[in-house]
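# Residue-level structure breakdown
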Amino acid sequence: MWPVAPIMPLPTMARGYCCFNDQAVAANFLLNKGLAQRILVLDLDVHQGNGTAHIFQQDPRVFTFSMHGARNYPIRKEVSDLDIGLPDGMEDRPYLDLLREHLPRLFDIHEPDFVFFQSGVDILGTDRLGRLKITRSGCKTRDHMVFSACRAHGVPVVASMGGGYSHRLADIVEAHANTFRVAQEVFF
Ligand SMILES: [Zn+2]
């Protein structure tokens, strides 16, 4: 029989496939060193950014935004500063419309001086766990919208690769590679 894990606060636990919350560690580093004052976390992985939401729930310096499958893992969601729960089967047009609607407001309201972008590609229709129907082209447009917004506001951005569980490895690799292609296109 397996020992029952004690119930601990979320930041002390690994969840999903994640041992460490790299964005939260990096965000706290920037804040503690005085290198950033106002951070925006754009979590566009199909799973809610629950760890980040929880860690920064009481910290007004970090605004957490998560667009994720409403019926996907984790079943018990944390509370981000702004959560957009998406229905199963969502396609490019409504997905990108939602992002286009919210993205400018996040910059206007929070006025970040640093952005963390969780660029998971488990939003793809080919993904085994994602439940959405975003095309690779739609995923690339998502990345373009994020990087363009950062560029327009003159805010540095770090993109962290997130989930990707498509059957064909090439689908995952291509979508992740697009994130870097688009970053190069927008910034260099
Ligand atoms: Zn994910």
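The model shown is predicted, which means the values in this text are computed figures rather than measured ones. (Residues numbered from 1 in each chain as written. Predicted model: local features only at pLDDT ≥ 70, side-chain atom pairs only at ≥ 80, totals over all residues.)

For helix α4 (residues 136–153), built from 18 residues, the straight-helix expectation of 26 Å at 1.5 Å per residue is met to within 8% by its first-to-last C-alpha distance of 26 Å. Taken together, the buried positions of α4 are C139, R142, D143, V146, F147, A149 and C150. Taken end-on, α4 shows its buried residues confined to a sector of 155°, consistent with a single buried face. More than 90 degrees from the buried face of α4, the exposed residues found are S137 and A152. Against the buried residues of α4 lie β1 (39–43), α3 (92–110), β4 (114–118), β5 (157–160) and α5 (169–187). (Helix = DSSP H or I, 4+ residues; strand = E, 2+ residues; numbered from the N terminus. Expected span 1.5 Å × (residues − 1). Buried ≥ 20, exposed ≤ 12 C-beta atoms within 10 Å, placed from the backbone. Arc of directions from axis to C-beta. Contact = placed C-beta atoms within 7 Å.)

The strand order across the open sheet built from five strands is β3-β2-β1-β4-β5, with neighbouring strands paired in parallel fashion. Since the sheet does not close on itself, it has two edges, and those belong to β3 (82–86) and β5, each with one partner. Averaged over all neighbouring strand pairs, the angle between strand axes comes to 10°, with direction disregarded. Across five bridges, the pairing between β1 and strand β2 (residues 62–69) is parallel. Paired with I39 across the bridge in β2 is V62. The strands that α3 touches are β1, β2 and β3; relative to β2, the one it contacts most, it runs at about 175°. (Pairing = 2+ DSSP bridges. Axes fitted to C-alpha atoms, helices over the stretch in contact; angles between N-to-C directions.)

Among the structural elements, L31 can be located in helix α1 (residues 22–32). Spatially, the C-alpha atoms of L31 and R61 are 8.4 Å apart, while their sequence positions differ by 30 residues. Look past the residues within four positions of L31 in its chain and what remains in contact with it is A36, I39 and R61.

This next bit is on the nonpolar core. The tendency in soluble globular proteins is for nonpolar side chains to be buried side by side. Membership of the largest hydrophobic core comes to 40 residues, with the highest contact counts inside it found for I39, L40, V41, L42, V115, F117 and I123. Where this core is concerned, the elements lending two or more residues are α1, β1, α2 (50–55), β2, β4, α4, β5 and α5. It is α4 that provides the largest number of residues to this core, a total of five residues. (Core = buried A, V, L, I, M, F, W, Y, C linked by C-beta atoms within 7 Å.)

A separate point is the packing of α3 against α4. Where α3 contacts α4, the axes come no closer than 10 Å and their chain directions differ by 15°. Considering the angle they form, α3 stands roughly parallel to α4. α3 and α4 meet at a crossing whose hand is right-handed. On α4, the residues that touch D92, Y95, L96, L99, R100, L103, P104 and F107 of α3 are G138, T141, R142, M145, A149 and H153. Here the contact of α3 with α4 is built from residues that sort into eight nonpolar, three polar and three charged. (Parallel < 35°, antiparallel > 145°, perpendicular 65-115°, else oblique. Left-handed = near helix turned anticlockwise from the far one by under 90°. Nonpolar A, V, L, I, M, F, W, Y, C, P; charged D, E, K, R; others polar.)

Moving on: the packing of α4 against α5. Across the interface, α4 lies against α5 with an axial gap of 9 Å and an inter-helix angle of 35°. α4 and α5 meet at a crossing whose hand is right-handed. Between α4, through R136, C139, K140, D143, H144, F147, S148 and R151, and α5, the contact on the second element is made entirely by E174, A175, N178, T179, V182, A183, V186 and F187. When its residues are assigned to classes, the contact of α4 with α5 shows seven nonpolar, four polar and five charged.

Counted at 1.5 Å a residue, the expected span for α5 with its 19 residues is 27 Å, and the 27 Å between its end C-alpha atoms agrees. For α5, the complete set of buried residues consists of I172, A175, N178, T179, V182 and A183. Along the axis of α5, the buried residues cluster in a sector spanning 130°; they form a single face. Projecting away from the buried face of α5 at angles above 90 degrees are the exposed residues L169, A170 and Q184.

Attention now goes to the pairing of β5. Of the two faces of β5, the one lined by V157 and A159 is fully buried and the one lined by V158 and S160 carries no buried residue. Pairing analysis gives four bridges linking β4 to β5, with the strands arranged parallel. Pairing of F116 across the sheet is with V158, part of β5. Read as a crossover between parallel neighbours, the route from β4 over α4 to β5 is right-handed. (Right-handed = clockwise from strand over helix to strand, strands pointing away.)

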